[in-house]
Amino acid sequence: MTPTHIGIIMDGNGRWATAHGLKRSEGYSYGLDALLKVCGAFEKRGVKAVTAFAFSTENQCRPEEEKAAVFKVVEKFNRTYDGDMRIVYMGDIDSLPESLVESIELVERKTVDNKGMILNVALAYGARQDILHAAKRAYDRGEFTEEYFESALSSATLPGLDLIVRTGGEMRLSNFMLYEAAY
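This is a predicted model, so every value here is computed, not measured. (Residues numbered from 1 in each chain as written. Predicted model: local features only at pLDDT ≥ 70, side-chain atom pairs only at ≥ 80, totals over all residues. Heavy atoms only, no water.)

(A) Focus on the packing of helix α2 (residues 27-44) against helix α3 (residues 64-80). The N-to-C vectors of α2 and α3 enclose an angle of 40°; their axes lie 9 Å apart at closest approach. Here α2 is positioned oblique relative to α3, judged by the angle of their axes. For the pair α2 and α3, the sense of crossing is right-handed. Between α2, through Tyr28, Ser29, Leu32 and Leu36, and α3, the contact on the second element is made entirely by Glu66, Ala69, Val70, Val73 and Phe77. (Axes fitted to C-alpha atoms, helices over the stretch in contact; angles between N-to-C directions. Helix = DSSP H or I, 4+ residues; strand = E, 2+ residues; numbered from the N terminus. Parallel < 35°, antiparallel > 145°, perpendicular 65-115°, else oblique. Left-handed = near helix turned anticlockwise from the far one by under 90°. Contact = heavy atoms within 4.5 Å.)

(B) A look at helix α4 (residues 98-111). The terminal C-alpha atoms of α4 lie 20 Å apart, and with 14 residues this matches the ideal 20 Å at 1.5 Å per residue to within 8%. For α4, the full list of buried residues reads Leu100, Val101, Ser103, Ile104, Val107 and Thr111. In an axial view of α4, the angular spread of the buried residues amounts to 160°, which keeps them on one side of the axis. For α4, the exposed residues set more than 90 degrees away from the buried face come down to Glu98 and Arg109. In this structure, the buried side of α4 is in contact with α3, β3 (86-90) and β4 (118-125). (Expected span 1.5 Å × (residues − 1). Buried < 20%, exposed > 50% of the residue type's maximum accessible area, 1.4 Å probe, protein only. Arc of directions from axis to C-beta.)

(C) Representation of the packing of aromatic side chains in the model. Summed over the entire model, instances satisfying the criterion amount to 7 aromatic pairs. The interplanar angle of 50° and the centroid separation of 4.9 Å between the aromatic rings of tryptophan 16 and tyrosine 30 together place this pair among those described as tilted. Of this pair, tryptophan 16 sits in helix α1 (residues 13-19) while tyrosine 30 sits in helix α2; the two residues are 14 residues apart in sequence, bridging distant segments of the chain. With relative accessibility at 34%, the residue tryptophan 16 sits in the partly exposed group. Ring geometry for phenylalanine 55 versus phenylalanine 71: centroids 4.9 Å apart, planes at 65°, classification edge-to-face. Of this pair, phenylalanine 55 sits in strand β2 (residues 49-56) while phenylalanine 71 sits in helix α3, and the two are 16 residues apart along the sequence. Assessed through its relative accessible area of 2%, phenylalanine 55 is described here as buried. Phenylalanine 71 sits in the buried class, given a relative accessible area of 10%. Three or more aromatic residues joined by ring pairs form one cluster here, namely Phe53, Tyr125 and Phe176. (Phe/Tyr/Trp six-rings, centres within 6.5 Å; stacked < 30°, edge-to-face > 60°.)

(D) Summary view of the nonpolar core. Membership of the largest hydrophobic core comes to 32 residues, with the highest contact counts inside it found for Val50, Ile87, Tyr89, Leu96, Leu119 and Leu123. Those elements that provide at least two residues to this core are β1 (5-9), α2, β2, α3, β3, α4 and β4. Ranked by residue count, the leading element in this core is α3, at 6 residues. For leucine 96, the contacting residues outside a window of four places in its chain are Gln60, Phe71, Val101, Ile104, Leu123 and Ala124. Core analysis: the next-biggest nonpolar cluster, separate from the first, contains 9 residues, Phe53, Met90, Tyr125 and Met177 among them. (Core = buried A, V, L, I, M, F, W, Y, C linked by side-chain atoms within 4.5 Å.)

(E) How the structure looks around the sheet that holds β1. Strand order in the open sheet formed by 5 strands is β3-β4-β2-β1-β5, with parallel pairing between adjacent strands. Across the chains shown, the open sheet's two edge strands, defined by having one partner strand only, are β3 and β5 (163-166). Neighbour-to-neighbour, the strand axes of this sheet turn through a mean angle of 20°, independent of strand direction. Together, β3 and β4 form the strand contacts of α4, whose direction differs from that of β3 by roughly 140°. (Pairing = 2+ DSSP bridges.)

See below:
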């Protein structure tokens, strides 16, 4: 059975670069290239959506140079992407640099009608914050149902999550799609 939606926790790109004699920041471009290759293979097998955990809310504590390197790779991808995937983002996008936000809006507009697989990029995303936000929306609306709560999550427009893959060798979820991972 082919999974419909796969989550990928992108981890270890900086360590990979260091091990290969590159700057840590160079690992992010290689990580993106690998992600796009994997997405192509998944799409050929019938996967409908991939969520890539590219930058967590906890990553906001990283050195400015490292954050800038990640954001530069993401922004370049957004501005140059011309494939068939529909690109969407989830997370605290407003906390990101203005030029990156503009590039996110650009790629989402440009790909909104694309018929390929959905690539959902979790950027400045944290599952606990997403759950709290959904709970607050349910409270404010006075509608405490599972259906409404799920509709308030960032992942509401995506198919159910079937599988999580973490690169880099770690064995933890790191605040990635915790509610969606329940099943």
